[in-house]
Amino acid sequence: MSGAGAPKVTVDGTGLRVVVIAASWHEQVMDGLLAGARRALRASGADWTEVRVPGSFELPVAAARAAAGGADAVVALGVVIRGGTPHFEYVCSAATSGLTDVSVRTGVPVGFGVLTCDDEAQALDRAGLEGSHEDKGAEAVEAAVATAVTLRDLVVSPVLR
């Protein structure tokens, strides 16, 4: 299982402004990811806004706008299921590269909750639904909030030699 060895992350996100951006494809999977994200956000104490975009390809541009608009963290949720054409690779690559670029360029953490699965069963198993083995929506929130807290509290000191 891909989640083996994952840390349990618990932080106080009180005062943080988080934007959750969710794709619209694969409604059942997305409902699970969003429910997990909401649970984790409530537990963290952060304030949040949800935005929907058509698909995973559109996540980076919305994340860039959220970061530029003052979000302390962004959570990107989506699912891409492999089909019979190279479309899967293009969308997965664009979403991953785009979200990474937003985070590095802006300094705003982006929780990566984009499932890239071979089939619908894999996606459902990671969606945080009843019977799922993983809750990637919650994990993406936990990572983004924990990183935002770390960055907020980060004090850069001179390197000691």
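See the structure printed just above.
Residues numbered from 1 in each chain as written. Predicted model: local features only at pLDDT ≥ 70, side-chain atom pairs only at ≥ 80, totals over all residues. Heavy atoms only, no water.

Asker: Outline the overall build of the protein chain, supporting the account with residue identities and numerical values.
Answerer: Within the protein chain, the secondary structure is distributed over five helices and four strands. Ordered by position in the sequence, the α and β elements of the protein chain form the string β-α-β-α-β-α-β-α-α. Against the globule reference of 15 Å for 161 residues, the protein chain gives a C-alpha radius of gyration of 16 Å, in line with a compact fold. With the principal axes as the frame, the protein chain shows a C-alpha extent of 55 × 35 × 30 Å. Burial status across the protein chain gives 43% buried among its 161 residues. In the protein chain, the share of contacts with a sequence separation of at least 24, taken over all contacts with a separation of at least 6, comes to 78%. Of the accessible surface of the protein chain, which amounts to about 8700 Å², a share of 56% is contributed by carbon and sulfur atoms. Computing the positive centroid from 13 side-chain charges and the negative centroid from 19, the protein chain places the two 7 Å apart. (Helix = DSSP H or I, 4+ residues; strand = E, 2+ residues; numbered from the N terminus. Rg over C-alpha atoms; globule rule 2.2 N^0.38 Å. Buried < 20%, exposed > 50% of the residue type's maximum accessible area, 1.4 Å probe, protein only. Contact = heavy atoms within 4.5 Å. Areas by Shrake-Rupley, 256 points an atom, 1.4 Å probe, with all protein chains shown as cover. Lys, Arg positive; Asp, Glu negative; His and termini not counted. Charge placed at Lys NZ, Arg CZ, Asp CG, Glu CD.)

Asker: Which residues make up the environment of Val 11, and what values go with them?
Answerer: One can find Val 11 in the segment before strand 1 (17-23). Overall, Val 11 belongs to the partly exposed group, its relative accessible area being 27%. For the pair Val 11 and Glu 58, spaced 47 residues apart in the sequence, the C-alpha separation amounts to 29 Å. Setting aside its immediate chain neighbours within four residues, Val 11 contacts Ser 44, Val 145, Ala 146 and Val 149.

Asker: Just give me the short version of the environment of Thr 96, but keep the residues and values in it.
Answerer: Here Thr 96 shows up in helix 3 (residues 87-106). Distance from Thr 96 to Glu 50, taken between C-alpha atoms, is 20 Å for residues 46 residues apart in sequence.

Asker: Describe the sheet that holds strand 4 (residues 110-117), naming the residues involved and giving the relevant values.
Answerer: Pairing within the open sheet is parallel, and its four strands lie in the order 2-1-3-4. Of all strands in the sheet, those bounded by a partner on one side alone are strand 2 (47-53) and strand 4. The average undirected angle you get between the axes of adjacent strands in this sheet is 15°. Taken together, the five bridges between strand 1 and strand 3 (residues 73-81) define a ladder with parallel strand orientation. Bridge pairing in strand 3 places Ala 22 opposite Leu 77. Lying over the sheet, helix 1 (residues 27-44) contacts strand 1, strand 2, strand 3 and strand 4, oriented at roughly 160° with respect to strand 3. (Pairing = 2+ DSSP bridges. Axes fitted to C-alpha atoms, helices over the stretch in contact; angles between N-to-C directions.)

Asker: An account of the nonpolar core is needed here, citing residue identities and associated values.
Answerer: Counting 27 residues, the largest nonpolar core has Val 18, Val 75 and Leu 77 as the members making the most contacts within it. Where this core is concerned, the elements lending two or more residues are strand 1, helix 1, strand 3, strand 4 and helix 5 (136-153). In contact with Leu 77, not counting residues within four places along its chain, are Val 20, Ile 21, Ala 22, Ala 23, Met 30, Leu 33, Leu 34, Ala 37, Leu 59, Gly 113, Gly 137 and Ala 140. Membership of the second largest hydrophobic core comes to 16 residues, among which are Val 53, Val 74, Leu 99 and Val 110. (Core = buried A, V, L, I, M, F, W, Y, C linked by side-chain atoms within 4.5 Å.)

Asker: Could you give an account of unusual backbone geometry, with specific residues and numbers?
Answerer: Located in the positive-phi region is His 26, a residue other than glycine, with phi close to 60°. Within the secondary structure layout, His 26 lies in the loop between strand 1 and helix 1.

Asker: A description of the layout of surface pockets should follow, citing residues and the corresponding values.
Answerer: Rolled over the atoms, a probe as big as a water molecule pinpoints where empty space is left. The calculated volume of the largest pocket comes to roughly 310 Å³. Lining the largest pocket we find 17 residues, and of these Trp 25, Val 79, Val 80, His 87 and Val 91 sit closest to its centre. Of all the secondary structure elements, the ones that give two or more residues to the lining of the largest pocket are strand 3 and helix 3. (1 Å grid on protein atoms, 1.4 Å probe; cavity = no way out; pocket = protein on both sides within 12 Å on 5 of 7 lines; lining within 4 Å. Points joined across faces, edges and corners; volume = space filled by probe spheres on them.)

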